[in-house]
Structures are given as C-alpha cells and as structure tokens.
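# Fold and geometry: a report
Here's the letter readout for the chains.
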Amino acid sequence: MIYSLSNLNIMKSDRILVIGANGQIGSVLVEYLKGIYGEGMVVASDLRVPAHPAGIFEKLDASDAQGLSALVKKYKVTQIYHLAAILSAKGEQDPLRTWNINMQTYLNVLEVARQNDVRKIFYPSSIAVFGDQAKGQAEQWSYLDPATVYGISKAAGENWSNYYFKKYGMDIRSLRYPGIISYQSMPGGGTTDYAVDIFHKAVNGEVFECFLKEDTKLPMIYMNDAMDATVRLMEAPKEKITVRTSYNLAGMSFDPAEIAASIRKVIPSFEITYKPDSRQEIADSWPGTIDDSQARKDWGWRPAYSIDKMTEEMISELRKSHIHSLKH
Ligand code: NAD
Ligand code: AKB
C-alpha cells in the first residue's frame, strides 16, 4: 500500500485474527495486514461469510466465547484486532443490545486472549468517548462523559484494556479513531457516515442531502492514514506505549460546508442541501478537534493527508469504480 513501514521491525511470524472483518475498516485492514505479514498469516472473521472471501475466512459471532477460543487455538493466533461493534447512530436505536454486543464481544476477546497467551490486542476506540466536557478540542486526558451508549461502551472498553494491562500485563493497544473516510468500503451506521456518502453522490452527479448542519465540525481521518497509524501503533516498541486506555488520533477536522467546498474544487457543479436528523444531536456532543500530541510524541504519528489531498484521491478512485460498474 501507500506507506513504507520499512523503518519498523515487523515480526512476520505473527498470526493475526481480525474480528468484524467485513466492515468499513476490516475489509481494508485485512488486505493491508496481508500486505505486511503475508496472506497466510491473517485470519478474517465476521458474523457472515462474504460472497467472495479472499484468503482465510472463518464465520464467527464474537459473543460466542467458545467459538472464539476454538479459532484462536486452531490458528495459534498471536495478535487480535477486535473491530466488531455497533456504531453510534445504529447503537442509539437499541441501547441495551448495543451495550451487550459491544461489551460481551470485547470481554470475550480479553479473556480468550489471556487464556491463550495472545501476544497483542488492538482495540478501536472512538471520538465518541468524549462529551460536553471536551467541547471544542479534546485533549488526551479530557474527562470522558459520552452521550451515546456507543461512546459509553468504548469508554468502558478503554478502561477494561487498561485493567488487563495492569492486572495481567497484556499488551493491548488502542486508538480513538475519528470518522474514517474511505473509497474501498462503506460505513456501517455511524454519525460521520455522511462524509463518505457525500463523495459517492458527488461522483454520481447527484445532489447530496446532508443529515448534519453545515457548520458541524467533526474530527475525520482518511483510511490510508488510519491504516498507517494502526500498524505503526501495533509495531511500536512496548516501552514507547505510555497510554494504555486509548490514544487520541487526529487527521483533519471539517464541517459539511468545508468538505462540499473541497469537492467543488474538483467537481464545480456539486450541490449540497441540509436536513439535520437525530444524528445532529450525537454530532453536537462530540468535539470539533482532537489533540493527538501524545501519539506524535510516543510513536511518531503524523497524518499524510490534508482535506484537499484526500478529496482528490477519493474522487479519482471512486470515478474508476464508477466507470467499472457502468461497464458491467
Ligand atoms: P462496521 O459496522 O462497518 O463493521 C463492523 C463489523 O463487525 C461488521 O462487519 C459486523 O458484521 C461485525 N460484527 C458485528 N457484531 C459482530 C459479532 N457479534 N461478531 C462478529 N462480528 C460482528 O464498523 P467499522 O466502521 O469497520 O468499525 C470497526 C471498529 O472501529 C468498531 O469497533 C468501531 O467502533 C471502530 N471505529 C470506527 C470508526 C469509523 O469511522 N469507521 C471510527 C471510530 C471507531
Ligand atoms: C461513528 O460515527 O459512530 C463512528 C465513530 C466516529 O466512532 N464513525
């Protein structure tokens, strides 16, 4: 892929299990990890088997601890990336179910990993852990008062990670991802989803109706930067990791009017309208910007994409797949 990770000391013998591999992040991460560790070293798993699985795929409901344990033993897994979760907007439709799924799957991962000496775990947290106390900019150690059940579950997961690190010495690493923007995959029920959908509408020549107000600024990151940050964190020397809850991570911050303006630099005829819905309230509870200086200091994190650089690449990549789908 795009970045050189050659300055990192990657252990090619690691056997990696990705849980929730069919989602927006998982479908890109699995290919990214295969490129680094080798095709046969990455086991993808999810609730459903994809139509055309590439490489090793196992059907797994991570709520089933025994099934998870069997998989870890079968493949002698040494690293787990636990991506399965219900995201912010979808999560609010059934809060108790969201809590149960998000927490039970993660507790299963922690216990199965502990019992099977899994070397490392990646836990994706979110900007959703922040609430009113971090309005404006969220610092690394801002108070966490999340307004959604999704955010509550992520904050709890961060604390469980720290607990397993302190009590059992388990090497669990985590990032508070901003909204992720990708051309390869579609998002699955979050509040930042508009920032992906807007590109598809722009490339298709359609007017985009935005479910957030034009001045709702949120932290976002391009998928390539998110992949780089994830593996860079996972491969950093252990002594460099000073945050065992979760690291703040920033790429860029923009509001819908700003991303529309960036798109118009490439597609001048692009039009956007605004019709805020229930997701506005969730977005209003999140910070506009993120201070990620701890991640920069500890393991050398630097994003490579500005808003305009990302826009150009998103449009160019989506145009290729648009042309491809017109041909078939
Ligand atoms: P997604 O909704 O696109 O994918 C989640 C995947 O998990 C789905 O394929 C789903 O089938 C699977 N899944 C759900 N329940 C499962 C279960 N019980 N067992 C096995 N698989 C199950 O989500 P995503 O955007 O790829 O996000 C991955 C992780 O990153 C999540 O934990 C999410 O909270 C976090 N995150 C994502 C973003 C983002 O912008 N995409 C931002 C912050 C944090
Ligand atoms: C969501 O909007 O729920 C996710 C996130 C920022 O965690 N994209």
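Just so we're clear, the structure is a prediction, and the values are computed from it rather than from any experiment. (Residues numbered from 1 in each chain as written. Chains lettered and ligands numbered in written order. Predicted model: local features only at pLDDT ≥ 70, side-chain atom pairs only at ≥ 80, totals over all residues. Heavy atoms only, no water.)

Taken together, the side chains of Glu92, Glu214, Asp215, Glu281 and Asp284 define an acidic patch exposed on the protein surface. Summarising the element assignment, Glu214 is placed in the loop between β9 (208-210) and β10 (218-222). (Patch = residues over 30% accessible without salt bridge, like charges linked within 9 Å, V, L, I, M, F, W, Y side chains within 5 Å. Areas by Shrake-Rupley, 256 points an atom, 1.4 Å probe, with all protein chains shown as cover. Salt bridge = Lys/Arg side-chain N within 4 Å of Asp/Glu carboxyl O. Lys, Arg positive; Asp, Glu negative; His and termini not counted. Charge placed at Lys NZ, Arg CZ, Asp CG, Glu CD. Helix = DSSP H or I, 4+ residues; strand = E, 2+ residues; numbered from the N terminus.)

What follows concerns a nonpolar patch on the surface. Together, Trp160, Tyr163 and Tyr168 make up a nonpolar patch on the protein surface, roughly 290 Å² of accessible area in all. Checked against the element boundaries, Tyr168 lands in helix α5 (residues 149-168).

Next up on the list: the layout of surface pockets. In this structure, the largest pocket spans a volume of roughly 950 Å³. Every residue lining the largest pocket is counted, 42 residues in all, and those nearest its centre are Leu83, Ala84, Ala85, Ile86 and Leu87. Listing elements by their share of the lining of the largest pocket, those giving two or more residues are β2 (42-46), α3 (88-91), α4 (95-115), β5 (120-126), α5 and β8 (179-181). Each residue belonging to the lining of the largest pocket can be placed in one class, and the counts come to 19 nonpolar, 16 polar and 7 charged. Its volume calculated, the second largest pocket comes out at about 220 Å³. What lines the second largest pocket is a set of 15 residues, among which Ala89, Glu92, Ser278, Arg279 and Ile282 lie closest to the centre. Secondary-structure elements contributing two or more residues to the lining of the second largest pocket are α3 and α9 (279-284). The biggest single contributor to the lining of the second largest pocket is α9, with 3 residues. Of the residues in the lining of the second largest pocket, the class split is 3 nonpolar, 6 polar and 6 charged. (1 Å grid on protein atoms, 1.4 Å probe; cavity = no way out; pocket = protein on both sides within 12 Å on 5 of 7 lines; lining within 4 Å. Points joined across faces, edges and corners; volume = space filled by probe spheres on them. Nonpolar A, V, L, I, M, F, W, Y, C, P; charged D, E, K, R; others polar.)

In the vicinity of ligand 1, 26 residues are found, and the nearest of them are Gln24, Ile25, Asp46, Tyr150 and Lys154. Between a nitrogen atom of ligand 1 and a main-chain N or O atom of Ala62, the distance comes to 2.9 Å. In this structure, an oxygen atom belonging to ligand 1 sits 2.9 Å away from a main-chain N or O atom of Ile180. Look at ligand 1: alone it shows 820 Å² of surface, and the protein chains cover 92% of it. The pocket occupied by ligand 1, as judged from atoms lying within 2 Å of grid points, is the largest pocket. Secondary structure elements with two or more residues in the shell around ligand 1: β5, α5 and β8. (Near = heavy atom within 4 Å. Polar contact = N/O pair within 3.5 Å; in protein donor to acceptor, adjacent residues only side chain to side chain. Sits in = over half its atoms within 2 Å of the grid points.)

Spatial strand order, β3-β2-β1-β4-β5-β7-β11: 7 strands in an open sheet with parallel pairing. Each edge of the sheet is formed by a strand with only one pairing partner; in this case those strands are β3 (56-59) and β11 (247-248). Pairing of strand β1 (residues 16-19) with β2, which is carried by 4 bridges, proceeds in the parallel orientation. Bridged to Ile16 within β2 is Val42. (Pairing = 2+ DSSP bridges.)

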